[in-house]
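Structure assessment
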Amino acid sequence: LPHPCLMNWYRDWYPKWNNYKKVIPRDLKLDRTSLLHWFMDDGYSYWVSHKNGKRKYLRVEFATQCFNGSELETLARSILDVLNIRMAVRLHKKNGRTCGTGYEMHVQQNQKDVERFFEVIGPCPVPSLAYKWKIPS
């Protein structure tokens, strides 16, 4: 169990009613800081390339396989409402296998949304995590 001063957050994220399995709290406060910390912890970005090796677009994703699709759809709507970033939820398999619930969340494949995402979270505050900031050109 977490330190006693963290128990309130623990109970929100791992509630008894869900058999202590992780959920997205309904009262989650979304802002620039929470999105930044989420990206530093569970986010990543990578260039999707054409077969000839030329860069096609930048994708920003989050490891969200422990959440169900409806939770993530609700979170995506909240991110759009609060931060004006369009997110998408998809069921994803890797090598034919589903990890966790299989649902992943990513910034829409529109480079304007990706640019908006990086504008909202700002520059990387931790040098060792700068590799995650693949700013679109």
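Heads up: these notes are all about the structure in this document.

Below, the discussion takes up the pairing of strand β3 (residues 87-94). Regular strands place their side chains on alternate faces of the sheet. Two elements, β3 and strand β4 (residues 97-107), share seven bridges in a ladder whose sense is antiparallel. Across the sheet, residue Lys-94 finds its bridge partner in β4, namely Arg-97. A loop of two residues connects β3 with β4, the two strands running antiparallel in sequence, and Asn-95 in this loop sits at a positive phi of about 55°.

On to the sheet that holds β4. Taken in spatial order, the four strands make up an open sheet running β1-β2-β4-β3, and their pairing is antiparallel. Each edge of the open sheet is held by one strand with a lone partner, namely β1 (43-49) and β3. Averaged over all adjacent pairs, the angle separating strand axes in this sheet is 40°, with direction ignored. Relative to the sheet, helix α3 (residues 69-83) contacts β3 and β4, its axis offset from that of β4 by approximately 10°. Strand contacts of helix α4 (residues 111-121): β1, β2 (55-62) and β4, with the helix running at about 50° to β2, the strand carrying the most contacts.

Applying the stated criterion across every chain, the model contains nine aromatic pairs. Here a set of aromatic residues connected by ring pairs shows up, and it is made of Trp-38, Phe-39, Phe-62, Phe-117, Phe-118 and Trp-133. When the ring centre of Phe-39 is taken as reference, the NZ or CZ atom of Lys-132 above it lies at 5.9 Å.

Okay, the layout of surface pockets next. Volume-wise, the largest pocket comes out at about 450 Å³. Every residue lining the largest pocket is counted, 14 residues in all, and those nearest its centre are Trp-13, Leu-28, Ser-34, His-37 and Trp-38. In terms of residue count, the dominant contributor to the lining of the largest pocket is helix α2 (residues 32-42) (six residues). Its residues assigned to classes, the lining of the largest pocket comprises eight nonpolar, two polar and four charged. Along the walls of the second largest pocket sit 14 residues, with Ile-24, Pro-25, Arg-26, Glu-71 and Thr-74 positioned nearest its centre. Among the elements of the structure, α1 (7-13) and α3 are those that each provide at least two residues to the lining of the second largest pocket. No other element matches α3, which puts four residues into the lining of the second largest pocket. Of the residues belonging to the lining of the second largest pocket, the class tally is eight nonpolar, two polar and four charged.

What follows deals with α4. Residues of α4 that are buried: Asp-113, Val-114, Phe-117, Phe-118, Val-120 and Ile-121. Looking straight down α4, one finds that the buried residues subtend no more than 160° of arc, so they occupy a single side. Residues of α4 that are exposed and angled more than 90 degrees away from the buried face: Lys-112 and Glu-119. The inward-facing, buried residues of α4 abut α2, β1, β2, α3 and β4. Measuring from the backbone nitrogen of Lys-112 back to the side-chain oxygen at the start of α4 gives 2.7 Å, which picks out Asn-110 as the cap.

A few words on the nonpolar core. Side chains of nonpolar character tend, in soluble globular proteins, to be buried together. By size, the foremost hydrophobic cluster in this structure holds 28 residues, and its most contacted members are Leu-35, Ile-85, Met-105, Phe-117 and Phe-118. Of all elements in the fold, only α2, β2, α3, β3, β4 and α4 reach the threshold of two or more residues within this core. Non-local contacts of Leu-35, meaning those with residues more than four positions away in its chain, are made with Phe-62, Leu-83, Ile-85, Phe-117, Val-120 and Ile-121.

Rules and cut-offs
Residues numbered from 1 in each chain as written. Predicted model: local features only at pLDDT ≥ 70, side-chain atom pairs only at ≥ 80, totals over all residues. Heavy atoms only, no water. Pairing = 2+ DSSP bridges. Helix = DSSP H or I, 4+ residues; strand = E, 2+ residues; numbered from the N terminus. Axes fitted to C-alpha atoms, helices over the stretch in contact; angles between N-to-C directions. Contact = heavy atoms within 4.5 Å. Phe/Tyr/Trp six-rings, centres within 6.5 Å; stacked < 30°, edge-to-face > 60°. Lys NZ or Arg CZ within 6 Å of the ring centre and 35° of its normal. 1 Å grid on protein atoms, 1.4 Å probe; cavity = no way out; pocket = protein on both sides within 12 Å on 5 of 7 lines; lining within 4 Å. Points joined across faces, edges and corners; volume = space filled by probe spheres on them. Nonpolar A, V, L, I, M, F, W, Y, C, P; charged D, E, K, R; others polar. Buried < 20%, exposed > 50% of the residue type's maximum accessible area, 1.4 Å probe, protein only. Arc of directions from axis to C-beta. Polar contact = N/O pair within 3.5 Å; in protein donor to acceptor, adjacent residues only side chain to side chain. Core = buried A, V, L, I, M, F, W, Y, C linked by side-chain atoms within 4.5 Å.

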